[in-house]
Amino acid sequence: LTQISRVSGTSFDSLLTTSPLELQNRLIEKFPADKKGIRRFFKDAQASGEHWRQLDNHTRSSETMTHREKLVYAHRMLCWSLPITRHLRADAEQGLDRYFRDHELRKLFRHQESFIAMMMPVAWAFTGNFYAPPRGGGRVLAGWLCRKIKESGSDIFLNQRVARVQVNERNQATGVVLKNGQVVQARHVVSGGDLQTLYDEMLPASSVSKRRRTAVRTADLYYSNFTVFLGLNCDPTQLGFGEEILTLARDDIPRDKQYGGDPEKTALTVLAP
């Protein structure tokens, strides 16, 4: 992307591109009293972007490490995090206080929950690391995974619905039974579906306690959300949409209301590919 993200409200319209200094200069022109703070914010964001790039080839899951490797990795990550600790620990208002005084300028960041969420888009814009897929696109990841699975001697079944998970007398998973009746043996089963379907429909009733089933049914895990897909009979640019992610946010309500779930107040994200 060249145009990365746009935040639009009743009193502002801010576009971040792969040339983030253009946004810096527009903000300085509009809020000259905060010139020094704006320059510091963009300078610190650029430094943070370079710092985060150090993780590109060093991030690993702890499950792949020996005990010694975990200790070494934990020490390395601690050393890595020290230079940006002040950004990570700062809440939204504390972070803004370091750079900006103008109340109208601060409204640009009102829809974000934390200070690091304000800084990272700019940081990634400097380093070209904003949602950057590997060379060849996202399908490269699936291709790599398929090769690894086949190299291990395992099989891949596509478009096959699982009817139930097989378990032994000790309630340990031993494989799955497909809708067509075929049995696929496995030492481990990883479910990509929801827990309620897994517990209620795909496992024997005796393998999951009634207490756990009830806990899953009644759990309030997170804010509900939904995505709406709209087909347009015109070019999206005619409606004001570009390639960038568009956030529509109100600037007349407190920060916590921007993501509190009220449809009249919650910030909206629009993507028109």
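Up top you'll find the structure we're talking about.
Thresholds, definitions, all that
- Residues numbered from 1 in each chain as written.
- Predicted model: local features only at pLDDT ≥ 70, side-chain atom pairs only at ≥ 80, totals over all residues.
- Heavy atoms only, no water.
- Patch = residues over 30% accessible without salt bridge, like charges linked within 9 Å, V, L, I, M, F, W, Y side chains within 5 Å.
- Areas by Shrake-Rupley, 256 points an atom, 1.4 Å probe, with all protein chains shown as cover.
- Salt bridge = Lys/Arg side-chain N within 4 Å of Asp/Glu carboxyl O.
- Helix = DSSP H or I, 4+ residues; strand = E, 2+ residues; numbered from the N terminus.
- Buried < 20%, exposed > 50% of the residue type's maximum accessible area, 1.4 Å probe, protein only.
- Pairing = 2+ DSSP bridges.
- Axes fitted to C-alpha atoms, helices over the stretch in contact; angles between N-to-C directions.
- Expected span 1.5 Å × (residues − 1).
- Contact = heavy atoms within 4.5 Å.
- Core = buried A, V, L, I, M, F, W, Y, C linked by side-chain atoms within 4.5 Å.
- Phe/Tyr/Trp six-rings, centres within 6.5 Å; stacked < 30°, edge-to-face > 60°.
- Parallel < 35°, antiparallel > 145°, perpendicular 65-115°, else oblique.
- Nonpolar A, V, L, I, M, F, W, Y, C, P; charged D, E, K, R; others polar.

## Observations regarding a nonpolar patch on the surface
Here comes step 1: On the surface, Phe 226, Val 228, Leu 230, Leu 232 and Leu 239 cluster together to form a nonpolar patch covering roughly 590 Å² of accessible area.
Here comes step 2: For Val 228, the position within the fold is in the loop between helix H10 (210-218) and strand S6 (245-248).
Here comes step 3: Val 228 gets classed as exposed once you look at its relative accessible area, which sits at 53%.

## Considering the sheet that holds strand S4 (residues 173-178)
Here comes step 1: With antiparallel pairing, the 3 strands of this open sheet are ordered in space as S3-S4-S5. Lying at the two open borders of the sheet, with one neighbouring strand each, are strand S3 (162-167) and strand S5 (183-185). Neighbouring strand axes in the sheet, compared pairwise and without regard to direction, differ in orientation by 25° on average.

## Some remarks on the pattern of salt bridges
Here comes step 1: By the definition in use, this model includes 11 salt bridges.
Here comes step 2: For Glu 93, the salt bridge is made with Arg 255, and the minimal N-O distance between the two is 2.7 Å. In this pair, Glu 93 sits in helix H5 (residues 92-99) while Arg 255 sits in the loop between S6 and strand S7 (268-270), placing the two residues 162 residues apart along the sequence.
Here comes step 3: Relative accessible area serves as the criterion here: at 12%, Arg 255 is assigned to the buried category.
Here comes step 4: Salt-bridge contacts for Arg 250 lead to Asp 252; the nearest nitrogen and oxygen are separated by 3.0 Å.
Here comes step 5: Salt bridges linked by common partners bring Glu 93, Asp 97, Arg 106 and Arg 255 together as one network.

## What about the pairing of S3?
Here comes step 1: As paired strands, S3 and S4 are joined by 5 bridges and run antiparallel to one another. When the sheet's bridge partners are listed, Val 162 is paired in S4 with Leu 178.
Here comes step 2: The antiparallel pairing of S3 with S4 creates a hairpin that spans 5 residues between the two strands, and Asn 171 there sits at a positive phi of about 60°.

## Notes on the sheet that holds S6
Here comes step 1: Taken in spatial order, the 4 strands line up as S2-S1-S6-S7 in an open sheet, and their pairing is mixed. On the outer flanks of this sheet lie strand S2 (13-17) and S7, each paired with one strand and no other. Taking the axes of each pair of neighbouring strands and ignoring which way they run, one obtains an average angle of 15° across the sheet.
Here comes step 2: Pairing geometry for strand S1 (residues 3-8) and S2, over 5 bridges, is antiparallel. Bridge pairing in S2 links Gln 3 to Thr 17.

## Topic: helix H2 (residues 35-53)
Here comes step 1: Taking 1.5 Å as the rise per residue, H2 with 19 residues should run 27 Å; its terminal C-alpha atoms sit 28 Å apart, in good agreement.
Here comes step 2: Buried within H2 are the following residues: Gly 37, Ile 38, Phe 41, Phe 42, Asp 44, Ala 45, Ser 48, Gly 49 and His 51.
Here comes step 3: Elements that come into contact with the buried residues of H2 comprise helix H1 (20-30), helix H3 (67-81), helix H4 (85-89), H5, helix H6 (103-106) and helix H7 (115-127).

## Topic: the nonpolar core
Here comes step 1: Counting residues in hydrophobic clusters, the biggest one holds 25 residues, and the most contacted among them are Leu 27, Ile 38, Phe 41 and Phe 100.
Here comes step 2: Contacts of Ile 38, omitting those with residues within four sequence positions, involve Gln 24, Leu 27, Ile 28, Phe 31, Tyr 99, Phe 100 and Leu 105.
Here comes step 3: By size, the runner-up hydrophobic cluster in this structure holds 8 residues, among which are Val 176, Leu 178, Leu 198 and Tyr 199.

## A few points about the pairing of S4
Here comes step 1: Pairing geometry for S4 and S5, over 3 bridges, is antiparallel. Paired with Val 177 across the two strands is Val 183, which belongs to S5.
Here comes step 2: Count of turn residues in the S4/S5 antiparallel hairpin: 4 residues, of which Gly 181 carries a positive phi of about 95°.

## Looking at the packing of aromatic side chains
Here comes step 1: According to the stated counting rule, one finds 9 aromatic pairs in the structure shown.
Here comes step 2: Aromatic side chains Tyr 99 and Phe 100 sit 6.0 Å apart centroid to centroid with 45° between the ring planes, which places their arrangement in the tilted category.
Here comes step 3: Here the aromatic cluster, defined as three or more aromatic residues joined through ring pairs, consists of Phe 41, Phe 42, Tyr 99, Phe 100, Phe 109 and Phe 115.

## So, the side chain of His 87
Here comes step 1: Inspection of the secondary structure puts His 87 in helix H4.
Here comes step 2: In this structure His 87 touches Asp 44, Ser 48, Arg 98, Tyr 99, Phe 115, Ile 116 and Met 119, once residues within four positions along its chain are discounted.

## Details of the packing of H5 against H7
Here comes step 1: Running from N to C, H5 and H7 cross one another at 55°; their axes reach a closest spacing of 7 Å. One finds that H5 runs oblique with respect to H7. Each of Ala 92, Gly 95, Leu 96, Arg 98 and Tyr 99 in H5 lies in contact with H7, whose residues at this interface are Phe 115, Met 118 and Met 119.
Here comes step 2: Considering only residue class, the contact of H5 with H7 consists of 6 nonpolar, 1 polar and 1 charged.

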